[in-house]
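# Observations on chain architecture
The primary structure of each chain is shown beneath.
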Amino acid sequence: MNAEPYSPGSKARRTTRDDRESVRWRNGQGTTQVVAETDLWRVSIADEPTSSTFSVIDGYDRWFIPIGAVPIELSGAPFGSEAVDDGAPNVVRHVVAPLETFAFPGEWAPQCRVETPTRALNVMVRRGRATATVRIGRPPAGADPAALLVLVDPVTEDAVLLPPGCGDAFEMTDPCAVLTITTVR
């Protein structure tokens, strides 16, 4: 991950789907476009094939938001679970609707199934070193004075990055993904 490029008072930045380079997932089963990242966090938009497995990202907390028109099913043994009496692990299933936020530890690597290939917004922060809030809704009126604000249009995938205290004017659709990322000192 890259060095911290989002210092207080820096200028706002806008990125589009066309600006971003696709990179392979850690496990090689898909690709993602990095919207922004540092050594403590990453925001990306992944291509979700009809069947895949999430990469294990030890020490990170994750948020997952399908931004296409179809729900995505995540299933697997609960993180940290042991096998039940017959030797088979418990299995949990989560059907994540479009524009619904689902949080889980990066150590959990669920199976991912979807009817047709789609896209999903992913937010990852290093546990204990950064925090994030993730929601879909109305964009705020301005930048957060203490945190990086990332706004993502779920249709066009345009993103606006507002460093802490940024005073630049910006426009974003409603609703959008509103991500607030704070580095823990």
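Look a little higher up for the structure.
For clarity, every value in this text was computed on a predicted model and none was experimentally measured.

## Let's talk about the pattern of salt bridges
Evaluation of the coordinates by the stated rule reveals seven salt bridges. Put simply, R93 and E73 hold a salt bridge, and the shortest N to O gap is 3.8 Å. In this pair, R93 sits in strand β8 (residues 92–96) while E73 sits in strand β7 (residues 72–76), placing the two residues 20 residues apart along the sequence. Here R119 makes a salt bridge to E157, at a shortest N to O gap of 2.5 Å. With R119 in strand β11 (residues 118–126) and E157 in the loop between β13 (148–152) and β14 (159–162), this pair connects stretches of sequence that are 38 residues apart. For the pair shown, R119 and E157 are each scored as buried.

## Topic: the sheet that holds β8
Taken in spatial order, the four strands of this open sheet run β5-β10-β7-β8, and their pairing is antiparallel. Among the strands making up the open sheet, the edge pair consists of β5 (51–53) and β8. Between one strand and the next, the sheet's axes are offset by a mean angle of 20°, whatever the strand orientation.

Conventions used here
- Residues numbered from 1 in each chain as written.
- Predicted model: local features only at pLDDT ≥ 70, side-chain atom pairs only at ≥ 80, totals over all residues.
- Heavy atoms only, no water.
- Salt bridge = Lys/Arg side-chain N within 4 Å of Asp/Glu carboxyl O.
- Helix = DSSP H or I, 4+ residues; strand = E, 2+ residues; numbered from the N terminus.
- Buried < 20%, exposed > 50% of the residue type's maximum accessible area, 1.4 Å probe, protein only.
- Pairing = 2+ DSSP bridges.
- Axes fitted to C-alpha atoms, helices over the stretch in contact; angles between N-to-C directions.

That is the geometry; function is a separate question.
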